[in-house]
Structures are given as structure tokens and as C-alpha cells.
There are 2 protein chains.
Amino acid sequence: MRAIVFDETLHFDPAYPQPDPAPGDVLIRVRQAGICNTDMELVKGYMGFSGVLGHEFVGETPDGQRVVGEINIVTDPDEPFARCGIPSQSASRVTLGIDRKDGAFADYLTLPTENLHPVPDPVSDEQAVFVEPLAAGLQTLHMTHISPHERVVLIGAGKLGLLTAQVVALTGCELSVVCRHARQAELVTGWGIDAVGEGDLPPNSADIVIDCTGSQGGFAAALELVKPRGVLHLKSTYAGLPEADLTRLVVDEISVEVSRCGPFPAALRLLARGLIHTDALIDARYPLDEGVTAFEHAQRPGVLKVLLAVT
Amino acid sequence: MRAIVFDETLHFDPAYPQPDPAPGDVLIRVRQAGICNTDMELVKGYMGFSGVLGHEFVGETPDGQRVVGEINIVTDPDEPFARCGIPSQSASRVTLGIDRKDGAFADYLTLPTENLHPVPDPVSDEQAVFVEPLAAGLQTLHMTHISPHERVVLIGAGKLGLLTAQVVALTGCELSVVCRHARQAELVTGWGIDAVGEGDLPPNSADIVIDCTGSQGGFAAALELVKPRGVLHLKSTYAGLPEADLTRLVVDEISVEVSRCGPFPAALRLLARGLIHTDALIDARYPLDEGVTAFEHAQRPGVLKVLLAVT
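It should be emphasised that the depicted structure is a prediction, and the values quoted were computed from it without experimental measurement.

Draft legend 1. Focus on the interface of chain B and chain A. Taken together, the contact between chain B and chain A spans 26 residues of the former and 26 residues of the latter. Here chain B packs against chain A, burying approximately 2,100 Å² in sum over the two surfaces, 57% of which is carbon and sulfur. Looking only at chain B, the three residues that lose the most surface to chain A are His145, Leu170 and Arg273 of chain B, adding up to 28% of its buried area. Counting across the chain B and chain A interface gives 0 salt bridges. Here chain B is connected to chain A by 14 residue pairs in polar contact (both at pLDDT 80 or more). Within the residue set of the side of chain B that touches chain A, elements represented by two or more residues are helix H4 (131-143) and helix H9 (264-272) of chain B. Ranked by the residues each element gives to the side of chain B that touches chain A, the list is headed by H4 of chain B, at 4 residues. Here the side of chain B that touches chain A is built from residues that sort into 13 nonpolar, 10 polar and 3 charged.

Draft legend 2. Seen up close, the pairing of strand E17 (residues 282-287) of chain B. All names here are of chain B. In the sheet, E17 pairs with strand E18 (residues 305-309) via 5 bridges, with the strands oriented parallel. Note on E18: the bridge partner recorded for Ala284 is Val306. Taken together, E17, helix H10 (residues 291-298) and E18 form a β-α-β motif whose crossover is right-handed.

Draft legend 3. The arrangement of the pairing of E18 of chain B in detail. Residue and element names in this part refer to chain B. Of all 5 residues that make up E18, 4 are buried, and the element is covered over most of its length. The pairing of strand E3 (residues 25-34) with E18 spans 3 bridges and is classified as antiparallel. Looking at the pairing, Ala33 lines up with Leu308 of E18.

Draft legend 4. Structural view of the nonpolar core. The biggest cluster of nonpolar side chains holds 94 residues, and the ones touching the most others in it are Leu175 and Val177 of chain A together with Leu175 and Val177 of chain B. Leaving out residues up to four positions away in the same chain, Val177 of chain B has contacts with Leu154, Ala157, Ala165, Val188, Ile193, Asp194, Ala195 and Val196 of chain B.

Draft legend 5. Focus on the pattern of salt bridges. Under the counting rule described, the total for this entry stands at 30 salt bridges over all chains. As a salt-bridge pair, Arg31 of chain B and Glu60 of chain B come within 2.6 Å of each other at their nearest N and O atoms. Here Arg31 of chain B is found in strand E3, whereas its partner Glu60 of chain B is found in strand E5 (residues 56-60), with 29 residues between them in sequence. Take Arg31 of chain B: its relative accessible area is 21%, and that puts it in the partly exposed class. Two residues, Arg285 of chain B and Glu126 of chain B, come together in a salt bridge whose shortest N-O distance is 2.7 Å. Highlighted residues: Arg285 of chain B in strand E17 and Glu126 of chain B in helix H3 (residues 125-128), separated in sequence by 159 residues. Through salt bridges with shared partners, a single ionic network connects Arg31, Glu60, Arg66 and Asp125 of chain A.

Draft legend 6. A look at the sheet that holds strand E1 (residues 3-7) of chain B. All names here are of chain B. With respect to topology, 3 strands assemble into an open sheet ordered E2-E1-E4, the strand pairing being antiparallel. Of all strands in the sheet, those bounded by a partner on one side alone are strand E2 (9-13) and strand E4 (51-52). Here 5 bridges tie E1 to E2, and the two strands are oriented antiparallel to one another. Across the sheet, the residue bridging to Phe6 is Leu10, located in E2. Against the sheet, H10 contacts E1 and E2, and its axis sits at roughly 140 degrees relative to E2.

Draft legend 7. Representation of the relation of the copies chain B and chain A in the model. Once chain B has been moved 0.0 Å along the axis and rotated by 180 degrees, it coincides with chain A to within an RMSD of 0.0 Å. One copy is carried onto the other by what is essentially a two-fold rotation axis. Both copies share a contact surface, since 100% of the interface residues of chain B are interface residues in chain A too.

Draft legend 8. Region of the structure containing the sheet that holds strand E1 (residues 3-7) of chain A. All names here are of chain A. Ordered in space as E2-E1-E4, the 3 strands form an open sheet in which the pairing is antiparallel. With partners counted over all chains shown, the strands left at the sheet margins are strand E2 (9-13) and strand E4 (51-52), one partner each. Sheet topology note: the E1/E4 ladder contains 2 bridges and is antiparallel. Within the sheet, the bridge partner assigned to Val5 lies in E4 and is Val52. Relative to the sheet, helix H10 (residues 291-298) contacts E1 and E2, its axis offset from that of E2 by approximately 140 degrees.

Thresholds, definitions, all that
- Residues numbered from 1 in each chain as written.
- Chains lettered and ligands numbered in written order.
- Predicted model: local features only at pLDDT ≥ 70, side-chain atom pairs only at ≥ 80, totals over all residues.
- Heavy atoms only, no water.
- Contact = heavy atoms within 4.5 Å.
- Buried area = accessible area lost by both parts, 1.4 Å probe.
- Salt bridge = Lys/Arg side-chain N within 4 Å of Asp/Glu carboxyl O.
- Polar contact = N/O pair within 3.5 Å; in protein donor to acceptor, adjacent residues only side chain to side chain.
- Helix = DSSP H or I, 4+ residues; strand = E, 2+ residues; numbered from the N terminus.
- Nonpolar A, V, L, I, M, F, W, Y, C, P; charged D, E, K, R; others polar.
- Pairing = 2+ DSSP bridges.
- Right-handed = clockwise from strand over helix to strand, strands pointing away.
- Buried < 20%, exposed > 50% of the residue type's maximum accessible area, 1.4 Å probe, protein only.
- Core = buried A, V, L, I, M, F, W, Y, C linked by side-chain atoms within 4.5 Å.
- Axes fitted to C-alpha atoms, helices over the stretch in contact; angles between N-to-C directions.
- Least-squares fit on C-alpha atoms with pLDDT ≥ 70 in both.

Below is the structure:
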């Protein structure tokens, strides 16, 4: 099968071995896949990954059912987090296209049946490919209680940040999104959400600051904006270490909360109700064979979602 | 001025004394007001109220600014809750149309400047009159952390329940609304939210159950649906005492959380973004002079919002 493979270099392989579904697994024919900031960190060395990249996808089962799939795969079902239904923290997990498991930038992938969620009719393929990052955005609301009374600032208005901003705004809280590029600000404003420039906000003014920058500088930038006794919510995963002033956390009694993979059913519910804008986030579409070029496109500053059309 | 007054009996008074604004108060000319379940409880004896009823309104200031107003009025600004900016729990509070303060079913009312919020242009008068109960619905999200992973059931799909259901659904959680009347179920389903009948849900199956019944039976009905270690969230205020099995709470480790008055700015943000359906909740409109008839209409089973057009 065709695949975009990272193995010291990123390349297109026209004849990568098609995966063989283990018992309990389903062979999924990929329809669309999305390039995530994590993919770009993986080719910089994050997680020491090699294999087929890609974890955002919509595909179909052998009987033609459109599905999206949760990316964490439990390999020991008796492990405590696995038993509690939290595969994303199972110590035995492998992760689609991220950790010891070939991913979605290919004609086929395999996932356990329990990882799959049918895509309801009102949700198009190009919306469904956003379910994985939208679920990650929603996980912010699981790990941090955001009250409609609160002042919230989100930094990093990229692919994940613009999805997270939309779900955070639905709580009714007073949200401002810090935008580096005029186009991000236009999008955010068009959705009825407040957009501000870098440096526009007074320091120590937000109850909650959400870091979606995906970069080493995010922690310090978020810390500058949060109030004493506030919450700093981290969503960035990257290769490398930040300069993090942890003493400031203690002195100002700032809590650090975090989130990563989230609830697919909730993401599908919001998409089916038409509450999340995804079309405006798509910057380019490439066929799978041009995946390496698509990757280069996705790495340009200010570029949002780049999709790979597989079938 | 004209007013709907409760003073042992409910009656229309064509010549009630116009309120005189104290220093710091604004004289508001009422444009529209809404009849709430609490108003119907007040005429049954709740709070021992007498005076002009009404706490849901949109009006205008002497310089023509459209405003809505928070209903709790602090009379001692040095009192602890008042100092913390939580007038709804200030021990010194009086409450518009509910507790020792004449309300909105009249040509004029007075409120302190700090209680007022300008209504943005995209929000019509008939939407703005829902700000007070919508804010109360949003307070559910302040007092209870609702995760998008959770299974939530709301009982009591009346005026407050249908607004609360809409804000709860925006979190992405798996929400079912128990509907007694076919019309409620049609509304809820039309909004893309799951509607179920009484008795349709398995007992002890919800992480969170929200009681918006406004009645003595709500506690027991909600308790039947909540899981061990779940949350029972109470929003009902009424004259009388329920039969509440508190031992069951202890045995099943069920937390009771509650909420009442909520954030007006958040309600205005969601209305301005077109995220809340209010038109379908309006069952009747009466001029102020016919307020007693409007009240009788509002008390019929299954009737949702009845509005009083004042100007």
C-alpha cells in the first residue's frame, strides 16, 4: 500500500506492507487524514517515532461504515487505567502514528473495534477528520472546570488552538484569543469571539490561560497572563524543554492543569449540531502521494490544517 | 404608574406609586417582562413577599440605553459576600420582585447602576427578557463541573429547564432531557438534544442529574436517576418541603450541588452569538394591564414563557 513514512527521513513509500488486523482489530480504509503539529514534532525527534505517521483521520470499515478512531491502543487490558476505561493513560498503550503503531497517512490502518466511532450522516468527511483534535480541545473542559463567570485567555491560535477556542467559548466564559496573524484574528472575530494581539493584554489578568502554542515559549507566555490563584492549562506537546519559572507558580499559587486526548462522542455531537467551524481551518488539500509536499506546506508559519485525501 | 401587585391577592393597580431612585440607583422604564415559576411560588407564599412582582425584564435608562438588570441588591457594601462581588449571597441583599423590593411588572423599577448590563444590538427585547433565567441556567456550569465525557440528565423541561438544557448541551456532554409533554420533546429534539419520556431511563445511570422541576417531587425523581458517586444538581425553589432520602445520598456517596442566580455577561454573549433558542419558548404575550390574566395563563400545565409587554 501507499504510505508516508518517517524513518530518519520523511518519504513516500508506494509499496509499504499493508497492516494485518490482529484478533479484535478492524482494517480501516483511510478516506481523509489531517496533519497535526505533533506530526511535525515527531519528525524533529519527539517520541523517537519511526513508521507511518498520522493520527487524525476518517476512514471506512470493510462493510462501508464511516468511522473515526481513538488513537490510544491498550495492549494489556488488565492494567489499571485500561480497566477503568482510560486508554489514553494506560501504561501499556501504543498510539496510532505517534508511538510504536503505524498511522493514518496510508491506504490502510488497523484499530481495535472499541476504538472506533461511527460518523453520523450530517458530519462530512472533511469535518470528521477534525474529530481527534476537537476531542483534544474538549478535554480542556474535562481537566479544567471553566466557569461562565471566568476570564479566559488562549494563546497559540493554530490548528488545535482554534478548535479549543471554539469549545471554550461555548461555555459562555469571557474568552480572548491571542492571535499572531491577521487571518487568525479575522476567523476568531467572525465567530463572535474576542481576538487580541500579542502584548495587548495586561499581565496577571486572566483566571485561566490555555497554552496551545505547541512550543517551548508557551509556558512563560501563559504564565505572564495568569492571575494569582489562577490556572495555567497546558496543551502543548513538543520535543525539548521550556524555560519554566516554577517558583512563580508557588509564590502566586497558580495551579497547572493539562489535557491531551479527549472524548470522540462529544466532538461528534458538537459537529453534528453545526456548532464548530472547521472549513475555514483547511488551508490545503493534497493527494496521499504528495504527502511530503503537504508536510512542507503545513510547516510554513501561519498555515492551519493541511489535509491528505487518501481515497 | 401601572403595576401587577401581590398583597394577599394578585391584582392590577393602575395608580401604584412610582419608585423614587435612591442615590446610585437608576430609574428604568420597563419594556418587556417575563413570568417565572418563582413568581407563581411567591403567590403561594414563598418568601412571604408582598409588592410588585417580576424579576425578568428588559428596560431602558433615562438616556435610552437598553438594559437588563441583576436582581440581587446589596444594602450593606461592607458585608463579606458584597465585598467579594457576590451580591446573590450577600446577607444584606434584597431581591427585585422576590424579597422586599418592588419588581418589574410595572411601568418603572429602580436598580443600582452596578446591577445593569447594556443589551448589545444583535439581542432583541424578546431575547433580552430571557437573560435573567438564562444566567441562572449558566450558573449550573459555575457550581458544577460538567465534563464532555459525562452522562447528564435534566428533569423538568419547563421555562428554566429548557434554557439550562441548552447551555448544558453546549459543553458537549451526553445530555438527555426528560420531557413530560410532546411539545417539549419536539423542541428539544429540534435543537439536536436527546429527549426522553418519564420512566424511559434506567435508574442510577447518570453521572449528573439536574432538577429543574421547580417542585417538591424533583429531588426524589432526580435521586432515582443518579449513579453512585454522581452529582445531584438542584435548581428548584418552591414553597414547601420535599420528601428527601438523605441516607441514600450517604450510602451511594452522591454529592448535592446547587445553583441559583448567574452571570448576565455570559448570557448576553451566548444570545449575541445566536446560540440560544428563546422564540420557541414564548407561549403568549399580554399587555401589562392584563397581567392577572397572563398569570393565569402561565399557571396552566405545559405552558412555557408568558411575556408582559409594558411599553
